[in-house]
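Examining the three-dimensional arrangement
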Amino acid sequence: MTMNSLGRSRLRLPTVSVAALAAALVLAAPGPAASDGGEGAPDIAQVTTTFPRAVALGDVEHGRELWEFECAACHEMGRGAEDGIGPQLNRVFGRRAAAIADFPYSDSIIRMGRDGLTWTYRTLDAYIENPYALVSGTRMSYPGLEDADDRADLLAFIRLYSDQPADIPEAEPTARRVEVELPPEVLEIRGDREWGEYLASECTTCHQRDGAAAGIPSITHWPEDRFVVAMHAYREGLRPHSTMQNIARRLEDEDIAALAAYFATIDD
Amino acid sequence: MTIKRRTVLAGMAAGSAVLAAPAVMGAGRPKVVVIGGGSGGATAARYLARDSRGALDVTLVEPTRTYYTCYFSNLYLGGFWDLADLGHSYGTLAARHGINVVHDWAIGVDRDAQTVTLAGGDVLPYDRLVISPGIDFVEDSVPGWSVAAQNRMPHAYKAGSQTELLKAQVENMREGGVFAMVAPPNPYRCPPGPYERISMVAHVLTERNPTARILLVDPKENFSKQGLFEEGWARHYPGMIERIGPDFGGDNVSVDPEAMTVDIDGVVEEVDVCNVIPAQQAGRIAHLAGLTNDAGWAPVLPADMRSRMDDKVFVLGDASAQGDMPKSGFSANSQAKVAANTIRHELLDARLFPARYANTCWSLIATDDGVKVGATYEPTDEKIATVEGFISQTGEDAELRRQTFEESIGWYNGIVADMFT
């Protein structure tokens, strides 16, 4: 497998290769791929001694299948991986968003990278779940992977190509995210548009009502669900930006729904 | 489906508000007079007129036909912006929102009769009065300086011709000359303003006159964004800026505009350009209207910016004494929306919403090196109190600083659109 050869080329610890770790992860996960360790790999006891709290993120084999089906048309990973329609994803864990020089990223993700968005298990999980919820103007034309287990499997696979020993398996940036999923009742709050209009006056000091966007993005005419998820992501600290986090932290669920209702239908 | 249903319902709510307006108009429109066309006054007039959809008779009294924002005038000093970029007219407020824009000075308020008298002789009756007159200087706060000396030693703390004058003086200063600033004591308009100005002057001198010196005479122990400015000055303008704080006599200063000298605690310095930013108080009309306290500011209720002296009068922005919010254009804009909602509730029975206050101040230290500080605020019984704040960090990378600067331009365009369009 590609990941084995890649892993051997990037040994960081004398006794544990990424390939071995992958084996450990595969062995720990339920599924049929338990024999994927390869010859000469250290046995599982040795790995768990080095990383006593190792926990599989997901089913790596299933993740590889998802990668081929969901990602590989645009992204490359592994030895010799190059940027294509999307950037190559070797060592994406721990990488600052939009960090590859000369790749034609969207302005939106460039801005968030400067604000501090870094790819961790938590942020990648959110991004793969719904790219637009995390990075509104992203060019990644991908509808999102809804099933949380599927995302865990996919990220378990992608993580094999981010062989920073310090990151594996439980420390940031690869630690499991604390879930910030929105329960259906939050998404279904019907926004009080008049309250939203009043609250919006706090936004329009910076965000222009007519949608003009230079230096500060437009928030006019966003679909309500996208607006709601974005504001919750700021409130939870998932999206970077000190001003937006500050503003969002004092918004209640009803306030966010009200703002979404107003900005979706703003007419100036 | 959910989204579409919401959209339709929202549209219906807006429609009913439009239908309600003509009924009120038929009964004779309540009158609101707004004195001062800056960030507080222009925003208040615009929100009152726009949101009442013609049901209020809104008059905006402002002497100047072109308003120059104080914010970003330092960027003009630094050569990053043109003066024209700072200027805004009131044409759209009149044409689009039906505001009566009167270019005249308000010279008196009769609070019993509820009228405002203008220099031109007009008397404007009001049901509610909003005053947002900005600042005036405290006489003799810097001994030797008076407004009569502002051409020798400009304050440049109200944007326009004073800013032009100071820029010309900086650019034409003799080689190796001394630029001095006498910084103001608290409280004053735009807390980071003097220090952003120091940065911009240093930027100009580094390019045009690199052996020149900058003397910052400051009566305050500490100042806004101090760590960020001092880090930036050391990086971009090493050795150029000397700050004399109160521990070395920075709080005991007099000037001689004729001799072009600054006396700092008995030590007389000859200077080539001197920017005197005096101590400040509420704009004159707030005093004439009897709305100010012993400190010279107009105290207001934290919940809605209503004057503590008169429940028919609201005071916005720099002139008000409200608590923790800095005296800034952003604050005035934020306060104006709270007051406008309250006034529409009282005069038109519009829904009353609780106050939401916020502020962010951006500053430019050098080319593409922008920083910011901000906070959210809420009314308490005693004052407008800080909820939570944030500030740029020292050591941030250049790309983030450039983005913060670009964001500040985005904000500028946003707030002037929120005031004038």
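Quick caveat, the model's predicted, so the values are computed rather than measured.

1. So, the packing of helix 6 (residues 121-129) of chain A against helix 8 (residues 148-159) of chain A
Residues and elements named next belong to chain A. In the contact formed by helix 6 and helix 8, the axes pass within 10 Å of each other and the chain directions differ by 125°. It follows that helix 6 is oblique to helix 8 by the angle criterion. Considering how the two elements wind past one another, helix 6 and helix 8 form a crossing that is right-handed. Note on element contacts: helix 8 touches helix 6 through Arg-151, Ala-152, Leu-154 and Leu-155, opposite Tyr-121, Leu-124, Asp-125, Ile-128 and Glu-129. Tallied by class, residues from the contact of helix 6 with helix 8 come to 6 nonpolar, no polar and 3 charged.

2. Considerations on the interface of chain B and chain A
In this complex, chain B contributes 45 residues to the contact, which on the side of chain A involves 40 residues. When the two sides are added together, the surface that chain B and chain A hide from each other amounts to roughly 3700 Å², 49% of it contributed by carbon and sulfur. Our count for the chain B to chain A interface comes out at 7 salt bridges. The partner of Asp-192 of chain A in a salt bridge is Arg-351 of chain B, with the nearest N and O atoms 2.7 Å apart.

3. Some words on the nonpolar core
Side chains of nonpolar character tend, in soluble globular proteins, to be buried together. By size, the foremost hydrophobic cluster in this structure holds 151 residues, and its most contacted members are Val-116, Phe-179, Trp-233 and Trp-411 of chain B. Ranked by the residues each element gives to this core, the list is headed by helix 9 (residues 329-348) of chain B, at 8 residues. What Phe-179 of chain B contacts, discounting residues up to four positions off in sequence, is Leu-166, Val-170, Met-173, Ile-198, Val-201, Leu-205, Arg-213, Ile-214, Leu-215, Val-273 and Asn-275 of chain B. The next biggest cluster of nonpolar side chains, apart from the first, holds 36 residues, and it includes Trp-119, Ala-126, Phe-157 and Leu-160 of chain A.

4. Some remarks on the pairing of strand 24 (residues 384-391) of chain B
Residues and elements named next belong to chain B. By the bridge criterion, 7 bridges tie strand 23 (residues 369-379) to strand 24 in an arrangement that is antiparallel. By the bridge assignment for strand 24, Gly-374 is matched with Phe-390. In textbook terms, the turn of a hairpin is the stretch between consecutive antiparallel strands, and for strand 23 and strand 24 this stretch comprises 4 residues.

5. Things to note about the sheet that holds strand 15 (residues 261-264) of chain B
Residues and elements named next belong to chain B. With antiparallel pairing, 3 strands are arranged side by side in an open sheet as 14-15-16. Only two strands of the sheet have a single partner each, and these edge strands are strand 14 (253-256) and strand 16 (267-270). Direction aside, neighbouring strands of the sheet carry axes that sit 20° apart on average.

About the criteria used
Residues numbered from 1 in each chain as written. Chains lettered and ligands numbered in written order. Predicted model: local features only at pLDDT ≥ 70, side-chain atom pairs only at ≥ 80, totals over all residues. Heavy atoms only, no water. Axes fitted to C-alpha atoms, helices over the stretch in contact; angles between N-to-C directions. Helix = DSSP H or I, 4+ residues; strand = E, 2+ residues; numbered from the N terminus. Parallel < 35°, antiparallel > 145°, perpendicular 65-115°, else oblique. Left-handed = near helix turned anticlockwise from the far one by under 90°. Contact = heavy atoms within 4.5 Å. Nonpolar A, V, L, I, M, F, W, Y, C, P; charged D, E, K, R; others polar. Buried area = accessible area lost by both parts, 1.4 Å probe. Salt bridge = Lys/Arg side-chain N within 4 Å of Asp/Glu carboxyl O. Core = buried A, V, L, I, M, F, W, Y, C linked by side-chain atoms within 4.5 Å. Buried < 20%, exposed > 50% of the residue type's maximum accessible area, 1.4 Å probe, protein only. Pairing = 2+ DSSP bridges.

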